[in-house]
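Given next are the chains, with one letter for each unit.
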Amino acid sequence: MEQLNAISEKFSSLAWGIPLLVLLIGGGLYLLVASRFLPFRLFGHAIQVLRGKYDDPNDPGEISHFKALTTALSSTIGMGNIAGVALAISVGGPGAMFWMWISAIVGMSTKFFTSTLAIMYRGKDTNGDLQGGPMYFITEGLGKNWKFLAVMFSVFGMLGALPVVNVNQLKQAVNDIILIPNGIEVSLNTNLIIAAVLVILTTVVILGGLKRISTIASKMVPSMVILYFVLVLIILGINYADVPKYIALIFTDAFEANFIKGDAVFGGMLGALILLGIKRGAFSNEAGIGTAPMAHGAAKTDEPVREGLVAMLGPVIDTLIVCTLTALAILVTGVWETTSNNGVTLTASAFQDAMPGFGQYLLMICVFIFSISSLFSYAYYGTKCMSFLIGAKRKHYYNYLYILSIILAATTPFSTMINFIDGIFAFMAIPTMLATILMAPRVVKEIKAYRKRLKSTKL
């Protein structure tokens with residue numbers, strides 16, 4: 001296990017360096033400027049689209065704008081918000097949260113462009129069904145000469161869609177919150193039992209396809225966000241006097257980098273802190289990675305810009321709201337300084353500190369819902385990638401790999417799983433961002449056309 005962990009750590013470090021940082025953040029800033037800050041200027045219009053004002057059941061696609069967003073959010077709102085934030089703070093201190101915010105703000109433009117392209121250049125799979133996602137907008141938008149990028153995305157996409165972090169941290173939460181406090185010895189057998197339960201739940205849902213996944217996600221995501229929001233507000237209310245201090249600390253520590261543990265990846269400690277924040281931000285909201293466009297590409301719409309506007313709300317909900325709530329809960333309770341825990345265990349400590357006796361059990365409910373909804377959506381992403389590579393009729397073979405990964409994740413250390421996914425996400429981002437930057441002028445042209453249509457119809 002130690003050797004496996006060392007290999008995964010080297011893999012993650014190799015993938016995450018200056019080139020990828022420039023591609024994700026530099027590329028996102030370019031898209032933001034190219035769109036003339038459209039994500040911010042049309043924020044209100046995006047809410048109207050999400051609420052269904054422009055829905056037309058006769059439009060091409062499979063699911064509504066709302067279901068597309070909740071399906072995408074059911075994968076992004078998960079352990080990135082609970083375990084990922086806790087890991088970022090335990091390694092980089094409060095300042096890591098600031099760089100996660102920067103990642104989300106820039107990620108709004110990235111999500112807008114990638115999801116707009118997912119509708120502009122939808123392709124058909126071998127069954128003749130309409131599909132969206134980076135592999136399709138690369139082949140349909142850039143042509144056959146760029147298909148190698150689509151293949152690269154799909155290969156890494158199958159691995160990136162494996163739910164190894166969610167399963168690993170759900171298992172950890174069950175162990176730390178339920179089993180150990182009740183005197184039950186944690187062993188390989190108990191971990192395998194947890195894995196077996198997850199396999200059964202996941203199999204029942206994913207065999208129903210996208211429509212079943214999106215229907216369940218549309219019901220689970222809003223409720224889990226509200227529940228988590230209320231619980232953290234209670235924690236912040238109990239510690240209200242400390243909230244302003246820690247909000248200020250997030251800003252001041254962002255440029256001091258006096259807390260970060262481990263090797264500086266580049267340019268000293270500040271560079272390492274920035275990279276940590278961007279990495280955890282990417283893990284949380286997946287902007288630029290390419291998973292969300294696969295869900296948004298299935299939306300019922302013939303207006304690409306509308307789906308792009310809905311998609312850009314993802315980083316706002318995921319990182320600017322949910323991740324910030326987690327960070328403040330950890331900071332105001334002081335557990336980040338008094339324990340050596342990280343991941344979901346650190347967040348559980350914060351809930352237990354604020355609400356002794358029952359806080360961690362309430363978190364367990366949130367963790368369970370977060371993780372289960374993510375399991376469903378990731379399975380959809382993985383099958384789409386396999387479908388592109390070997391045909392829609394054989395995409396079900398991915399489910400066997402998916403189930404095997406659940407068992408593997410439940411019996412493997414957290415650090416190994418998070419390093420593996422970090423590295424895979426990096427290699428998914430390369431084809432997604434390169435293609436998006438190359439086709440950005442086409443999206444800008446589509447923006448102008450859409451705004452003209454909007455004014456002419458007075459919608």
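As the structure is a prediction and not an experimental result, all values here were calculated from the model.

Caption draft 1: Local environment of the packing of helix H9 (residues 147-160) against helix H20 (residues 359-390). Contact geometry for H9 and H20: axes closest at 8 Å, N-to-C directions at 145 degrees. The element H9 and its partner H20 pack so that their crossing is left-handed. Of the residues in H20, those touching H9 at Lys 147, Ala 150, Val 151, Phe 153, Ser 154, Val 155, Gly 157, Met 158 and Gly 160 are Tyr 378, Gly 382, Cys 385, Met 386, Phe 388 and Leu 389. Of the residues assigned to the contact of H9 with H20, the class counts are 10 nonpolar, 4 polar and 1 charged.

Caption draft 2: Layout of the packing of aromatic side chains. This model, assessed by the stated rule, comprises 14 aromatic pairs. When the ring of Phe 98 is compared with that of Phe 251, the centres are 5.7 Å apart and the planes differ by 65 degrees; the resulting orientation is edge-to-face. Highlighted residues: Phe 98 in helix H7 (residues 95-120) and Phe 251 in helix H13 (residues 243-253), separated in sequence by 153 residues. Exposure remark for Phe 98: the relative accessible area of 13% places this residue in the buried category. Using a relative accessible area of 41% as the deciding quantity, one classes Phe 251 as partly exposed. Each member of the aromatic cluster is reached from another via a ring pair, and the members are Phe 98, Trp 99, Trp 101 and Phe 251.

Caption draft 3: Local environment of the confidence of the model for the protein. Of all residues in the protein, 85% have pLDDT values of 70 or greater, and the mean over the chain is 82. No element of the protein has a lower mean pLDDT than helix H5 (residues 65-76), at 60, and none a higher one than H9, at 94. Here residues 262-267 is modelled with pLDDT under 50, and outside its nearest four sequence neighbours on either side it reaches 11 contacts, counting other chains as well.

Caption draft 4: Structural context of the environment of Ala 195. Along the chain, Ala 195 falls in helix H11 (residues 188-206). Put simply, Ala 195 and Val 167 are 28 residues apart on the chain and 7.8 Å apart in space, counted from C-alpha to C-alpha. For Ala 195, the residues in contact, after removing those within four places along its chain, are Ile 406, Ile 407 and Ala 410.

Caption draft 5: Representation of the environment of Leu 362. Looking at the element boundaries, Leu 362 is found in helix H20. Judged by relative accessible area, which is 25%, Leu 362 ranks as partly exposed. Spatially, the C-alpha atom of Leu 362 lies 8.2 Å from that of Phe 351, the residues being 11 residues apart in sequence. Ignoring sequence-local partners within four residues, the contact set of Leu 362 consists of Leu 231 and Met 355.

Thresholds applied
Residues numbered from 1 in each chain as written. Predicted model: local features only at pLDDT ≥ 70, side-chain atom pairs only at ≥ 80, totals over all residues. Heavy atoms only, no water. Axes fitted to C-alpha atoms, helices over the stretch in contact; angles between N-to-C directions. Helix = DSSP H or I, 4+ residues; strand = E, 2+ residues; numbered from the N terminus. Left-handed = near helix turned anticlockwise from the far one by under 90°. Contact = heavy atoms within 4.5 Å. Nonpolar A, V, L, I, M, F, W, Y, C, P; charged D, E, K, R; others polar. Phe/Tyr/Trp six-rings, centres within 6.5 Å; stacked < 30°, edge-to-face > 60°. Buried < 20%, exposed > 50% of the residue type's maximum accessible area, 1.4 Å probe, protein only. pLDDT = per-residue confidence, 0-100.

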